[in-house]
Amino acid sequence: MSARTLPLLFLNLGGEMLYILDQRLRAQSIPGEKARKVMNDIITTMFNKKFMEELFKPQELYSKKALRTVYDRLAHASIMRLNQASMDKLYDLMTMAFKYQVLLCPRPKDILLVTFNHLDAIKDFVRDAPNILNQVDETFRQLIDMYTCLSAGEFQLIRQTLLIFFQDMHIRVSIFLKDKVQNSNGRFVLPISGPVPWGTEVPGLIRMFNCNGDEVKRVEFTTGGNYVSPQREGSFDLYGDRVLKLGTNMYSVSRPVETHMSGASKNLASHTKENAVPNPLAKEELNFLARLMGGLEIKKPNGSEPGFRLNLFTTDEEEEYAALTRPEELSYKVINIQATQDQQQNKELARIMGEFEVADQPSQSISKGDDLLAMMDEL
């Protein structure tokens, strides 16, 4: 397991979350100024300097429940609210999109290019907000410093760690199903043709060498796919052509996106009871997260600007049905983070938490939006 995986997982899932929210904000015709505020608030919180410093420390991956807690907080870092069913769907889309990208990476190091594509898009979301843009650029530089010098073996460990994290997740996504890159059981269909990884040759030739290292024979063979050599390597600089398209916005063309539990996932639910009750390790992870995110209070709107509820389903009825039919074992119930004592006992932690405060919270109460907040307080 690689201790350098967490920042890549967090940033790529966060990038997918922002793609989805941007698409839904447009689909629901949320006014431009209000939509920009939502995106800016979430990105500001996501790239908080102190949080990033902790995130980049070498450490093992958190549990799915711990990560889900972070994204619940991030999604509610502004005036927007999501019901539990919409939050479940959001997380399903995020995770399945990134899982597909990890599977398709021609070589393990290309996971870094996928991350850079996400960050390039995030910078475009905040291009009119220089302060937030600087936050993202600082994270970009941290990624370059930490990852561009890693060996191919370390990137292979990172890729394997990510695939282990995603291995039991088989949620069917309508876009993937329509494009025939996902089967009805939620498993992805990987192509056998296309560009080969940078630095490798198109298959079809076997070279044989003698004990002195001299080539003595060549044998050609027929391959099962149509392969091409990549024209150039993607840029690992702050600015540049990434070449690789994985990690770009697949929602740029407006089309409805639905998620469905596959039969395999439903059967798996009976074997994942241990996830329903957090183990001590998961709680320990959340204690760490509490020190960082405890200051990000999820409050009922109060202020001059009204809040709004974002629905990731076509109708409220679909959202309510999804909430009722989702298997209990696969519902990401969030552990409540209690950071009050930490704040009282440690002034430095209180200062860090204070940096997560989101100003200008709205004033109107939101009926359905409160459902998720209640859920977060259940445990």
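All of the points below concern the structure found in this document. These numbers were taken from a predicted model, which means no experiment stands behind them.

1. Some points on the pattern of salt bridges
Pairing of side chains with opposite charge becomes possible as their charged atoms draw close.
Reasoning step 1: Within this structure, the stated rule accounts for 16 salt bridges.
Reasoning step 2: Notably, a salt bridge pairs Arg26 with Asp22, separated by 3.1 Å at the nearest N-O pair. On the criterion of helical spacing, the pair formed by Arg26 and Asp22 is a turn pair, its members being 4 residues apart in helix H1 (residues 6-27).
Reasoning step 3: Relative accessible area serves as the criterion here: at 61%, Arg26 is assigned to the exposed category.
Reasoning step 4: For Asp22, a relative accessible area of 13% corresponds to the buried category.
Reasoning step 5: Here Arg68 makes a salt bridge to Asp72, at a shortest N to O gap of 3.0 Å. Residue Arg68 and its partner Asp72 are both found in helix H4 (residues 64-75); the two are separated by 4 residues, about one turn of the helix.

2. Section: the layout of surface pockets
Reasoning step 1: By volume, the second largest pocket is sized at about 700 Å³.
Reasoning step 2: As for the second largest pocket, its lining consists of 29 residues, and the residues nearest its centre are Leu104, Pro106, Pro195, Val196 and Leu244.
Reasoning step 3: Sorting the residues of the lining of the second largest pocket by element identifies helix H5 (84-104), helix H6 (110-125), strand E3 (194-195) and strand E6 (227-228) as the ones contributing at least two each.
Reasoning step 4: Per-class residue counts for the lining of the second largest pocket are 18 nonpolar, 5 polar and 6 charged.

3. Describing the packing of aromatic side chains
Centre-to-centre distance and the angle between the planes together describe a pair of aromatic rings.
Reasoning step 1: For the structure shown, the criterion picks out 11 aromatic pairs.
Reasoning step 2: When the ring of Tyr100 is compared with that of Phe176, the centres are 5.1 Å apart and the planes differ by 50 degrees; the resulting orientation is tilted. Of this pair, Tyr100 sits in helix H5 while Phe176 is found in helix H9 (residues 174-178), placing the two residues 76 residues apart along the sequence. Each member of the pair, Tyr100 together with Phe176, is buried.
Reasoning step 3: Ring geometry for Phe165 against Phe166: centres 5.2 Å apart, planes inclined by 80 degrees, an arrangement best described as edge-to-face. For the pair formed by Phe165 and Phe166, the shared burial category is buried.
Reasoning step 4: Put simply, the rings of Phe10, Phe51, Tyr71 and Tyr91 touch in pairs and so form one group of aromatic residues.
Reasoning step 5: In this arrangement the basic side chain of Lys64 is found over the ring face of Phe165, its NZ or CZ atom lying 4.7 Å from the centre.
Reasoning step 6: Over the ring of Phe236 we find Lys109, and its NZ or CZ is 4.6 Å from the ring centre.

4. Let's talk about H4
Reasoning step 1: For H4, spanning 12 residues, the distance from its first C-alpha to its last is 16 Å, which sits close to the expected 16 Å at 1.5 Å a residue.
Reasoning step 2: By the criterion of burial, H4 is predominantly enclosed, with 11 of the 12 residues buried.
Reasoning step 3: Every buried residue of H4 is accounted for by Lys65, Ala66, Leu67, Arg68, Thr69, Val70, Tyr71, Asp72, Arg73, Leu74 and Ala75.

The rules behind these values
- Sequence order sets the numbering: in each chain, residues are counted from 1 along the sequence as written.
- Reporting of local features is limited, given that this is a predicted model, to residues whose pLDDT is at least 70; pairs of side-chain atoms are given and counted only at 80 or more, and all residues count toward the totals for whole chains, interfaces and linings.
- To obtain the side-chain values, all non-hydrogen atoms of the structure were included, while hydrogens and water were left out.
- What counts as a salt bridge is simple: a side-chain nitrogen of Lys or Arg found within 4 Å of a carboxyl oxygen of Asp or Glu.
- Strands here mean DSSP runs of E at least two residues long; helices mean DSSP runs of H or I at least four residues long; both are numbered from the N terminus.
- For the exposure calls, accessible area comes from a 1.4 Å probe over protein chains only, and a residue counts as buried if that area is under 20% of its type's maximum, exposed if over 50%, partly exposed in between.
- Any residue with an atom within 4 Å of a point lines the site, the site being either a cavity, points on a 1 Å grid over the protein atoms alone where a 1.4 Å probe fits but cannot get out, or a pocket, an open set with protein on both sides within 12 Å along at least 5 of 7 lines.
- Grid points are joined across faces, edges and corners, and a volume is the space filled by probe spheres set on the points.
- When residue character is reported, Ala, Val, Leu, Ile, Met, Phe, Trp, Tyr, Cys and Pro are called nonpolar, Asp, Glu, Lys and Arg charged, and the others, Gly included, polar.
- Two rings from Phe, Tyr or Trp (for Trp, the six-membered ring) form a pair when their centres are within 6.5 Å of each other. A pair whose planes differ by under 30 degrees is stacked, one over 60 is edge-to-face, and the rest are tilted.
- The rule is short: NZ of Lys or CZ of Arg within 6 Å of the ring centre and within 35 degrees of the ring normal puts a charge over the ring.
- Take the residue count of a helix, subtract one, and multiply by 1.5 Å to get its expected span.

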